[in-house]
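# Structural characterization, general
Residue strings, one per chain:
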Amino acid sequence: MKTSRQTRLVHTDYAAPEGFAAFPSAIHHASTVLFENVAAMRAASWKTKDGYTYGLHGTPTTFTLEARLADIEGGRYCLLAPSGLAAIVMVDFALLKTGDDVLLPENVYNPSREMARWLQQDFGISCRFYDPMIGAGITELIQPNTKLIWTESPGSVTMEVPDLPAICAAAKARGVLVALDNTWAAGLALNGFDMGCDIVMQALTKYQSGGSDVLMGAVITRDPALNERIGLAHMRLGMGVSGDDAFLVMRGLPTLKMRFEAHDASARKVASWLKARPEVAAILHPAFEDCPGHAHWQRDFTGAGGLFSFVFDARYTQEQTDRFVDALTLFGLGYSWGGAHSLVMPYPAKAMRANWPHEGQLVRLHIGLEDPDDLIADMTQALGKLA
Ligand SMILES: *Cc1c(COP(=O)(O)O)cnc(C)c1O
């Protein structure tokens, strides 16, 4: 049909030749997804991933990333969310309803605690917090209406490593689902499903991206019925991610393990150095003995990555340790982690969990991909600013 220039600006008959092949997955952009004909449109379901219905529910780009992430974690299904926190919220809304009860560790990722408090205040879902070192003792906290136990290994600020197999066994015996925030281990150094978890959540914002340039989360499961429940929440909450963002995450995957191991080696070097410093009272790094749950880390993990915390000797005031943080030049002061750049963040640990054993100021470090000797030199000059 002959059409005007304006219509040709919108419609084109050109189709690129078939047979193009390259390593990267194509970046598909779509809100509208086109159907071949009415019958195909009527037959399509957003629930299955063998076809396409609408950009929000998946494109070849996002399906490919989901499949790759499920594979990395040893799961079968994966749902992408626009941030790690959105992935947490999706699990909460999928599995909890008014009258239910959810258990979270005291050291839980703080926005997840915020979400749980909101569920309690406005949605009639009770939320209770447990000592992350509770292990099998969690049995005593499980009520008939307890539907979900969140775990995090280790806690991403205070670094306690829970006895995950014990928590999962206790939960399983009472028919309660366990979700693991597996962000610290990047899905590489800890296998949540082997530990007995039902749901594994990742903030892909961290190591999988590795670029400090994208926000995304994932929820991974093995059980088809559970995937369907969470998939319903995924659809109802409008959880979609852009092809461009999915591409950015996918681009990080081939180097994920090498980066993680490089972060790990440098972080252990920096932590060992810090441990010998007279200004430091404790190293909260799961591979170090000071860290609660160190034995669980040894048993369950194959590595550690770049994130750990340390506690200053109690003789230093917050004003002094803030001066240390401000004096660092190679460490950015900012939230998040998993990228090439080292980061530092002081945290009020005492406010984060009951029976906190330390008096001194807590500082969390993400050790990036800089030369660790340069990081140590930077910290040496910054420690000089304490006095
Ligand atoms: C960063 C983080 C999240 C949330 O990820 P965002 O993409 O920043 O929302 C969740 N859990 C842990 C442990 C994290 O570190």
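Residues numbered from 1 in each chain as written. Predicted model: local features only at pLDDT ≥ 70, side-chain atom pairs only at ≥ 80, totals over all residues. Heavy atoms only, no water.

### Quick notes on the domain arrangement of the protein
In terms of domains, the protein is made up of domain 1 (38-254) and domain 2 (256-383). Taken together, the contact pairs 36 residues of domain 1 with 37 residues of domain 2. A salt bridge links Arg299 to Asp163, with the nearest nitrogen and oxygen atoms 2.8 Å apart. Scanning the region where domain 1 abuts domain 2 turns up twelve residue pairs in polar contact (both at pLDDT 80 or more). When its residues are assigned to classes, the side of domain 1 that touches domain 2 shows 19 nonpolar, eleven polar and six charged. (Domains from an automatic or database assignment. Contact = heavy atoms within 4.5 Å. Salt bridge = Lys/Arg side-chain N within 4 Å of Asp/Glu carboxyl O. Polar contact = N/O pair within 3.5 Å; in protein donor to acceptor, adjacent residues only side chain to side chain. Nonpolar A, V, L, I, M, F, W, Y, C, P; charged D, E, K, R; others polar.)

### Thoughts on the pattern of salt bridges
Under the counting rule described, the total for this entry stands at twelve salt bridges. Notably, a salt bridge pairs Lys97 with Asp100, separated by 3.5 Å at the nearest N-O pair. Among the ionic pairs, Arg268 bridges to Asp264, the shortest N-O distance being 2.7 Å. Here the residue Arg268 and the residue Asp264 both occupy positions in helix H10 (residues 256-275), the gap between them amounting to four residues, near one helical turn. Residue class for Arg268 comes out partly exposed when judged on its relative accessible area of 29%. In the salt-bridge network here, residues are joined through shared partners; they are Lys97, Asp100 and Lys147. (Helix = DSSP H or I, 4+ residues; strand = E, 2+ residues; numbered from the N terminus. Buried < 20%, exposed > 50% of the residue type's maximum accessible area, 1.4 Å probe, protein only.)

### Examining unusual backbone geometry
In this structure, Pro154 follows Ser153 across a cis peptide bond, with omega equal to -10°. Along the chain, the position of Pro154 falls in the loop between strand E4 (146-152) and helix H6 (164-173). In this structure, Ala186 is a non-glycine residue whose phi angle is positive, near 60°. Secondary-structure assignment places Ala186 in the loop between strand E5 (177-181) and helix H7 (192-195). The phi angle at Asn355 is positive, at roughly 55°, despite the residue not being glycine. By secondary structure assignment, the location of Asn355 is in the loop between strand E11 (343-347) and strand E12 (362-366). Taking relative accessible area as the criterion, Asn355 reaches 71% and is therefore assigned exposed.

### With respect to H6
Within H6, burial applies to Leu164, Ala166, Ile167, Cys168, Ala170 and Ala171. Packed against the buried residues of H6 are strand E3 (126-130), E4, E5, H7 and helix H11 (294-300). The first or second residue beyond H6 is Gly175, which carries a positive phi of 70°.

### Observations concerning the layout of surface pockets
Approximately 650 Å³ is the volume found for the largest pocket. Tyr109, Asn110, Pro111, Lys206 and Tyr347 are the residues nearest the centre of the largest pocket, which is lined by 31 residues in total. For the lining of the largest pocket, the secondary structure elements donating two or more residues are helix H4 (84-95), helix H5 (110-123) and strand E6 (199-203). The residue inventory of the lining of the largest pocket, partitioned by class, reads 18 nonpolar, eight polar and five charged. Built from parts of two domains, the lining of the largest pocket gets at least three residues from each of domain 1 (38-254) and domain 2 (256-383). Space inside the second largest pocket adds up to approximately 380 Å³. Looking at the lining of the second largest pocket, the elements that each hand over two or more residues are helix H3 (60-73), strand E1 (77-81) and helix H8 (224-236). Across the lining of the second largest pocket, the residue classes break down as nine nonpolar, five polar and five charged. (1 Å grid on protein atoms, 1.4 Å probe; cavity = no way out; pocket = protein on both sides within 12 Å on 5 of 7 lines; lining within 4 Å. Points joined across faces, edges and corners; volume = space filled by probe spheres on them.)

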